[in-house]
Amino acid sequence: MVKKILKSILIIILVIVVLFGAYFAYVLLSYHRIEDNLQLDIEGESATDALKTNEMYRISSANLGFGAYSDDYSFFMDGGTESWAFSKHAVNKNIKGSINSILTLNPNLMLFQEVDLNSTRSYHVNEKDLIIDILKNNSYDNVNYTFAMNYDSPFLLYPLTQPHGKSRAGLLTVSPATITDSTRRSLPIEEGLSKFIDLDRCYSKNYINLENGKQLILYNVHLSAYTTDPSTAENQVVMLNADMQEEFEKGNYIIAGGDMNKDVLGDSSVYFGTKSTENWAQPIPDGLLGESFTIIGPVDEANPVPSCRNADKPYSKNSYVLTIDGFIVSSNIEVLSANVLDTGFKYSDHNPVYMDFILKD
């Protein structure tokens, strides 16, 4: 009897080992990085051929949190409980809520991060198509847009109670003027097992003509958050800076916007009074950006609003908050103002940010 029990236990252990080995092999074999310098499709119909100098434009940027992060949501990778959005209905509600909030700003240019196409975690909702439909129904029917796949991950079998699954997410860029060219650039990432956590990383590079014969180079950026080696995050900024510098030396105008996963205010605790013992978002180190570029941390000094909350638990007044979403601009751009739209983190763990600017002649 004892032998039969031991034999059964050994068989169960063997099956578990074989299944684990098979899954591990699947993850290793399925892992891939999306190719660098990938040409992106330019979709839609633009309202105008070119942007003008000496005219004010407004740009917005929003990390949509794949439509999951309502204010009562917490995420397992941040120490919370959830690995999926609460429901397909919640995904649609949060995406619609985010976009409708942004549209109150009447932006000309729009940048979005964490836009899912066909992911387990967001119930396979095509969020890119959903966003474009909302824009078209709100008088943004004459726009160009590009989508860059940030990562296309294998099925993550964790947590076991509700596996995170397969994720396909990216960066959506929207312009009222013609985008003449668009490229996906692969960012440096960590090696070893860490790459399965941080996944792939990229930025998109979009060329928009100006009436003075130059171009606005619009970068949609989502830098890494879950890194164990600080040099990885620094190398991403170094690569972005080199790319921007090359374009600036051609006489072009540069705006990089998005989720920097860096404290773009330098020390957000000065504004919001909250600190994290983990210090997961540091400022961009001095010297990594060229002298021609300025970090624009969106803030109203009289009424500061954070752009991001920690998702280790549902949002409350005691949540750790900071501003990691912002812009980098070249010296031939005059920034009039930059701020955060206070949505109370109702639809995402990020509040949208926006900036008013002039392309100087």
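Up top you'll find the structure we're talking about.
A quick note: this is a predicted structure, and the numbers were derived from the prediction, not measured. Within each chain, residue numbers correspond to sequence positions counted from 1 in written order. Residues qualify for local features only when their pLDDT is at least 70, as the model is predicted, and side-chain atom pairs are given and counted only at 80 or more; totals for whole chains, interfaces and linings, by contrast, use all residues. With hydrogens and water stripped out, all remaining heavy atoms of the structure feed into the side-chain values.

A.B. asks: What am I meant to see in empty space enclosed by the protein here?
C.D. replies: Any empty space left between atoms is shown by rolling a water-sized probe over those atoms. Note on definitions: the grid is 1 Å and covers protein atoms alone; a cavity is a set of points where a 1.4 Å probe fits but cannot get out; a pocket is an open set with protein on both sides within 12 Å along at least five of seven lines; lining residues have an atom within 4 Å of a point. Grid points are joined across faces, edges and corners, and a volume is the space filled by probe spheres set on the points. Using the criterion set out here, one finds one cavity of 30 Å³ or more in the structure. Computed from the structure, the largest cavity encloses a volume of approximately 60 Å³. If you go around the largest cavity, the residues you meet are Ala62, Asn63, Leu64, Ser98, Ser101, Thr343, Tyr347, Ser348, His350 and Pro352. In DSSP terms, a helix is any run of H or I states spanning at least four residues, a strand is any run of E spanning at least two, and both are numbered starting from the N terminus. Elements with a contribution of two residues or more to the lining of the largest cavity: β3 (56-63) and α2 (88-103).

A.B. asks: Would you mind showing me how to read the pairing of strand β14 (residues 325-330) here?
C.D. replies: In the case of a regular strand, side chains alternate between the two sheet surfaces. Within β14, six of the six residues are buried, leaving the element largely enclosed by the surrounding structure. Per-residue accessibility, obtained with a 1.4 Å probe over protein chains only, is compared with the maximum for each type, and a residue is labelled buried under 20%, exposed over 50%, and partly exposed between these values. Of the two faces of β14, the one lined by Asp325, Phe327 and Val329 and the one lined by Gly326, Ile328 and Ser330 are each fully buried. A pair of strands is treated as paired once DSSP finds two or more bridges between them. Where strand β11 (residues 293-296) lies against β14, four bridges are found, and the strand directions are antiparallel. Residue pairing across strands places Ile296 opposite Phe327, the latter belonging to β14.

A.B. asks: Quick question: what am I supposed to make of the side chain of Ser167 here?
C.D. replies: Here Ser167 is to be found in the loop between β5 (144-152) and β6 (168-175). The class of Ser167 is buried, set by a relative accessible area of 1%. Only heavy atoms enter the contact rule, under which two residues are in contact if any of them lie within 4.5 Å. Ignoring sequence-local partners within four residues, the contact set of Ser167 consists of Ser119, Arg121, Tyr151, Asp152 and Ser153.

A.B. asks: Is there a simple way to explain a nonpolar patch on the surface in this structure?
C.D. replies: Taken together, the side chains of Met1, Val2, Ile5, Leu6, Ile9, Leu10, Ile13 and Val17 make up a nonpolar region of the molecular surface, amounting to roughly 820 Å² of accessible area. Here Ile13 lies in helix α1 (residues 2-30). Only residues whose relative accessible area exceeds 30% and that take part in no salt bridge are eligible for patches, with like-charged residues grouped when within 9 Å of each other and nonpolar side chains (Val, Leu, Ile, Met, Phe, Trp, Tyr) grouped when within 5 Å. Only the protein chains shown count as cover for residues, with accessible areas throughout obtained via the Shrake-Rupley method and a probe of 1.4 Å. Every case where a carboxyl oxygen of Asp or Glu lies within 4 Å of a side-chain nitrogen of Lys or Arg is listed as a salt bridge.

A.B. asks: I would appreciate a short explanation of the packing of α2 against helix α3 (residues 127-136) in the present structure.
C.D. replies: When two helices pack together, their arrangement is given by the angle between the helix axes and the distance between those axes. The convention used is that axes are lines fitted to C-alpha atoms, helices contributing only their stretch in contact, and that angles between N-to-C directions extend from 0 to 180 degrees. Packing of α2 against α3 brings their axes to within 10 Å, and their N-to-C directions diverge by 40 degrees. Relative to α3, α2 is oriented oblique. Read as a crossing pair, α2 and α3 show a hand that is right-handed. Note on element contacts: α3 touches α2 through Glu127, Leu130, Ile131, Ile134 and Leu135, opposite Val91, Asn92, Ile95, Lys96, Ile99, Asn100 and Leu103. As a working rule, the residues Ala, Val, Leu, Ile, Met, Phe, Trp, Tyr, Cys and Pro are called nonpolar, Asp, Glu, Lys and Arg charged, and the rest polar, with Gly in that last group. Here the contact of α2 with α3 is composed, by residue class, of eight nonpolar, two polar and two charged. Note on terminology: angles under 35 degrees are roughly parallel, angles over 145 are roughly antiparallel, angles of 65 to 115 are roughly perpendicular, and the others are oblique. Crossings are assigned a handedness: left-handed for a near helix turned anticlockwise from the far helix by less than a right angle, right-handed for a clockwise turn.

A.B. asks: How do you make sense of the pairing of β3 when you look at a structure like this?
C.D. replies: With respect to burial, β3 is a largely interior element, seven of its eight residues being buried. For β3 and strand β16 (residues 353-359), the ladder comprises six bridges, and the chain directions are antiparallel. Note that in β16 the partner of Tyr57 across the bridge is Phe357. Strand direction decides the pairing type here: β3 and strand β4 (residues 109-116), joined by five bridges, are parallel. Counterpart to Ala62 in the pairing with β4 is Phe112.

Everything listed is a geometric property; what it means functionally is a separate question.
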